[in-house]
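# An overview of the molecular structure
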Amino acid sequence: MQLEMTNLKSIINSAALLILILAAGTLQAQEVVVTDSTAIGIESEIQAKTANNSGRFKVDGVAAVVGDYVVLESDIDKMYIELQSQGVSTKDVNNCNLAGRLMENKLYAHHAIQDSIMVSDAEINANIDQQLAYMTQQVGSLEKVLEFYKKDSEAEFRAELFEINKQNRLASEMQRKIVEAVEITPEEVRAFFADIPEDERPVFGDEVEIAQIVVKPEITQEERQKLIDRLNEMRADVLENGASFATKAVLYSQDPGSRSSGGKISLSRQDPFVKEFKDAAFSLQEGEVSKPFQTEFGYHILTVDKIRGQQVDVRHILLIPDVTEATKQKAFNKIQNVRERINNNEISFSEAAKEVSDEKETRESGGKLINPTTGDTRFELTKIDPLLYEQVVNLEKGKVSNILTDQDNTGRPFYKIITVTNRYPEHKADYAQDYNKIKELALRDKQLEAIEKWQKEKIKETYVKVNGNYRDCDYSSDWLKK
């Protein structure tokens, strides 16, 4: 592996590099289909493609071949630029480092396919939609994006992004499979902490524990029925008059991820869609159109384009219910009243959360928030959302914030109040006080060791060919199989 693990600092750095391996997609990565990954015949295949001009790369542009994948010299150049664009220091990074990282990524992706690991086309396409939207926002138009990347059409660019995203996702899933069975015992955590020199133990910044109460404006029955009626009208037009479902999705759907493609989504039963959506998708035959149904996002109708084994291609139309000024004012008045009752000591914050909060995930715990990164209740002040930071940085323990306005995942507003239930000042890592954080670091260390062991074993049994100057690199892993 390209990563050395000698102390806590190198462990943290290693984890960061591991993420970069998966994140730094490069735009000309090619896939070569090989029936026998140990056969040298792949070299003649590359030469043949070059000789008859049917290939998309030159032999002298191939830095390495790993299993079914190639690493192009242009991939290495683009990865260097990508790291710079992400603000990563490239002072000590050279082409050998980058080639090694890319070969690792190809190794993971190759064996993900060998292990029959599946990735969702729907998720990949959703990521591509987000990428294109971000690129377009940055440069002003899709045409400028295509010109910058020297692509003739959006379809060509999407196809290339799809392969890049799919390969990175395969690599990520392979790594997840490697480490999913790795566990850490309390004794291993203790030994890990004891091995960290006193002067190298991490310093944890100011931390807080936070609770919140959320009140959402009510969606009236009139608004719900209005959307159901509109969807029933669209459904009838499709079924009775032969209207195009895809056209209606483009014109009326409020799902930004699928609207431009006529509401099209491909999914399997394992994909992370909400239950109601999957139930509808897998209950219909090709050509059928569902009746309106509700999810947490709004109201949908759905049709099945094609059933392909365990995967289905569907189109859907989403309408998101709106909230009125009256219901927003009612919600605001409700949370304002709750805030006053807490400040007047008529009710505790925890009791108020259980009584009125509309956030089911936190209501029963008295509004207490769980840090999704660490799994515990502490939030490091320097790492929380900037808007939340402004509210809690000077909020005294036990005091209640002003009423804050936020938005849910459909853009609808809601109101919340927060309180700081505990504060922990900056301090050097303490085994008892910071056990969960130390446990996480110890587990990460053990996971990296598992990945390193797996990689050494797989390099031995995988076809690897390193070309040209890249054979002179001093790799940490045995890519040259010396």
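My aim in this report is to walk through the structure given alongside it, one point at a time. Computed from a predicted structure; not experimentally measured.

### Details of the environment of glycine 366
Position of glycine 366 relative to the elements: it lies in the loop between helix 14 (360-363) and strand 9 (378-380). In this structure glycine 366 comes out as buried when scored by relative accessible area, which is 4%. Excluding its chain neighbours within four sequence positions, the residues that come into contact with glycine 366 are Ala211, Phe349, Ser350, Ala353 and Lys354.

### Examining the state of the cysteines
Under the defined criterion, the tally for this structure stands at 1 disulfide. Disulfide pairing places cysteine 96 opposite cysteine 473 at an S-S distance of 1.9 Å. The S-S bond linking cysteine 96 to cysteine 473 shows a torsion near -70°; that makes this disulfide left-handed. Of this pair, cysteine 96 sits in helix 4 (residues 95-114) while cysteine 473 sits in the segment after strand 13 (464-466), and the two are 377 residues apart along the sequence. By relative accessible area, cysteine 473 is classed as buried at 6%.

### Details of the sheet that holds strand 13
Taken in spatial order, the 3 strands make up an open sheet running 2-1-13, and their pairing is antiparallel. Each edge of the sheet is formed by a strand with only one pairing partner; in this case those strands are strand 2 (69-72) and strand 13. Strand-to-strand twist of the sheet, defined as the mean angle between neighbouring strand axes without regard to direction, takes the value 15°. Here strand 1 (residues 62-66) pairs with strand 2 via 4 bridges, running antiparallel. Bridge pairing links valine 66 to tyrosine 69 in strand 2.

### Considerations on the pattern of salt bridges
Per the counting criterion, the structure on display carries 24 salt bridges. Close ionic contact of glutamate 173 with arginine 176 constitutes a salt bridge, the shortest N to O distance being 2.5 Å. Pair noted here: glutamate 173 and arginine 176 are both in helix 7 (residues 154-179), with a separation of 3 residues, about one helical turn. In this structure, glutamate 198 engages arginine 201 in a salt bridge whose closest nitrogen and oxygen atoms are separated by 3.2 Å. Through salt bridges with shared partners, one network takes in Glu207, Arg378, Asp434 and Lys437.

### As for the side chain of lysine 248
Structurally, lysine 248 is set in helix 10 (residues 245-252). Polar side-chain contacts of lysine 248 include one of 2.9 Å to the side chain of aspartate 237. Not counting the four nearest positions on each side in its chain, lysine 248 is found in contact with Met234, Asp237, Val238, Ala243, Ser253 and Ile317.

### Here we look at the side chain of serine 253
Structurally, serine 253 can be placed in the loop between helix 10 and strand 5 (264-268). Separated by 3.3 Å, the side chain of serine 253 and the backbone nitrogen of aspartate 255 make a polar contact. Each residue touching serine 253, except ones within four places of it in the same chain, is listed here: Lys248, Arg259, His316, Ile317 and Leu318.

### Thoughts on the packing of aromatic side chains
Scanning all chains against the criterion turns up 8 aromatic pairs. Each ring, one from phenylalanine 148 and one from tyrosine 149, has its centre 5.0 Å from the other, and the planes form 85°; the classification is edge-to-face. Judged by relative accessible area, which is 61%, phenylalanine 148 ranks as exposed. A connected cluster of aromatic rings, assembled from ring pairs, spans Phe148, Tyr149 and Phe157. The ring of phenylalanine 282 carries the charged tip of arginine 269 above its face, separated from the ring centre by 4.3 Å. A cation sits over an aromatic face here: lysine 437 above phenylalanine 204, 5.5 Å from the ring centre.

### Topic: the packing of helix 7 against helix 16 (residues 435-461)
Relative to each other, helix 7 and helix 16 sit at 110°, their axes nearing to 9 Å. Between helix 7 and helix 16, the interaxial angle falls into the category roughly perpendicular. As helix 7 runs across helix 16, the sense of the crossing is right-handed. Across the interface between the two elements, Met174, Gln175, Ile178 and Val179 of helix 7 pack against Gln447, Ala450, Ile451 and Trp454 of helix 16. Here the residues of the contact of helix 7 with helix 16 are counted per class, giving 6 nonpolar, 2 polar and no charged.

### Here we look at the environment of lysine 278
Structurally, lysine 278 can be placed in helix 11 (residues 275-281). Taking the C-alpha atoms as reference points, lysine 278 and serine 268, separated by 10 residues in sequence, lie 8.3 Å from one another. Setting aside anything within four residues of it in sequence, one finds lysine 278 in contact with Leu267, Ser268, Arg269, Gln270, Asp271 and Phe273. A distance of 2.6 Å separates a polar atom in the side chain of lysine 278 from the backbone oxygen of arginine 269.

Thresholds, definitions, all that
Residues numbered from 1 in each chain as written. Predicted model: local features only at pLDDT ≥ 70, side-chain atom pairs only at ≥ 80, totals over all residues. Heavy atoms only, no water. Helix = DSSP H or I, 4+ residues; strand = E, 2+ residues; numbered from the N terminus. Buried < 20%, exposed > 50% of the residue type's maximum accessible area, 1.4 Å probe, protein only. Contact = heavy atoms within 4.5 Å. Disulfide = S-S within 2.5 Å. Pairing = 2+ DSSP bridges. Axes fitted to C-alpha atoms, helices over the stretch in contact; angles between N-to-C directions. Salt bridge = Lys/Arg side-chain N within 4 Å of Asp/Glu carboxyl O. Polar contact = N/O pair within 3.5 Å; in protein donor to acceptor, adjacent residues only side chain to side chain. Phe/Tyr/Trp six-rings, centres within 6.5 Å; stacked < 30°, edge-to-face > 60°. Lys NZ or Arg CZ within 6 Å of the ring centre and 35° of its normal. Parallel < 35°, antiparallel > 145°, perpendicular 65-115°, else oblique. Left-handed = near helix turned anticlockwise from the far one by under 90°. Nonpolar A, V, L, I, M, F, W, Y, C, P; charged D, E, K, R; others polar.

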